[in-house]
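Examination of the molecular architecture
Given next are the chains, with one letter for each unit.
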Amino acid sequence: MITEQEFTNIYNLHASKIHRLCLGYASGNNELAKEWHQETFIKVWKYRNSFKGKSSVDTWIYRIAVNVCLGDLRKPRKNITINEDLLPNSSNDDDNDNDEKNIKKMYYCIDQLNEQNRALILLELENIPQATIANTVGLAHGTLRTRLSRIRKSLLKCIKNGK
């Protein structure tokens, strides 16, 4: 059982990572990311007594967050609009924004991935240990490493070519 103090510590430790994870699924829509972030921690609190410690708390929370995001994206009533600033051909006259443009291109390319690959790379971008990611999504560690390598190559190609 997770106490109120433990929950507060868990929230403080994981809140920013979960928000960024949700932001990746929301294609840059900050309001939607905040909604999913909040729903994730509501579920963490609501189901705190069901956490049995078979995995790490990190793995449990990331799985809840991924499920919240994917569950909401699968609902037909929800219409997610892509933030126009994330499109690779967005015009910005300021040459000092190359890094920002590359980041936007990267998130656009991530948005093109299938659900599982998007989850894998978003977790990887948060510097979550690969063993934790493997446990979260139920893959063998070797399989995860191979998949992440392929995803990185695909993203690099997309970022360079805009496809």
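The rules behind the values
- Residues numbered from 1 in each chain as written.
- Predicted model: local features only at pLDDT ≥ 70, side-chain atom pairs only at ≥ 80, totals over all residues.
- Heavy atoms only, no water.
- Salt bridge = Lys/Arg side-chain N within 4 Å of Asp/Glu carboxyl O.
- Helix = DSSP H or I, 4+ residues; strand = E, 2+ residues; numbered from the N terminus.
- Buried < 20%, exposed > 50% of the residue type's maximum accessible area, 1.4 Å probe, protein only.
- Axes fitted to C-alpha atoms, helices over the stretch in contact; angles between N-to-C directions.
- Parallel < 35°, antiparallel > 145°, perpendicular 65-115°, else oblique.
- Left-handed = near helix turned anticlockwise from the far one by under 90°.
- Contact = heavy atoms within 4.5 Å.
- Nonpolar A, V, L, I, M, F, W, Y, C, P; charged D, E, K, R; others polar.
- Bend = angle between axes of the 7 residues up to and from the residue.

1. A word on the pattern of salt bridges
- One pass over the structure, following the stated rule, counts 4 salt bridges.
- The salt bridge involving R20 is made with E126; its shortest N-O contact spans 2.7 Å. Taken as a pair, R20 in helix 1 (residues 4-25) and E126 in the loop between helix 5 (115-125) and helix 6 (130-137) lie far apart in primary sequence, 106 residues in all.
- On the accessibility criterion, R20 (39% relative accessible area) is partly exposed.
- Under the relative-accessibility criterion, E126 is labelled buried at 8%.
- Its salt-bridge partner being E124, residue R152 comes within 2.8 Å of it at the nearest N-O pair.

2. Overview of the environment of A65
- Here A65 shows up in helix 3 (residues 57-74).
- Sequence separation between A65 and C22 is 43 residues; the distance between their C-alpha atoms is 7.3 Å.

3. Regarding the packing of helix 1 against helix 3
- Running from amino to carboxyl end, helix 1 crosses helix 3 at an angle of 30°, the nearest separation of the two axes being 10 Å. As judged from the angle between their axes, helix 1 and helix 3 are roughly parallel. Between helix 1 and helix 3 lies a crossing of right-handed hand. Contact with helix 1, carried on its side by I10, H14, K17, I18, L21, C22 and Y25, involves V57, D58, I61, Y62, A65, V66, C69, L70 and L73 of helix 3 and no other residues of that element.
- A per-class count over the contact of helix 1 with helix 3 returns 13 nonpolar, 1 polar and 2 charged.

4. A few points about helix 1
- The largest bend in helix 1 amounts to roughly 50° and is located at H14.
- If you check which residues of helix 1 are buried, you get F7, I10, H14, A15, I18, L21, C22, G24 and Y25.
- Of the residues one or two after helix 1, S27 is the one with positive phi, at around 55°.

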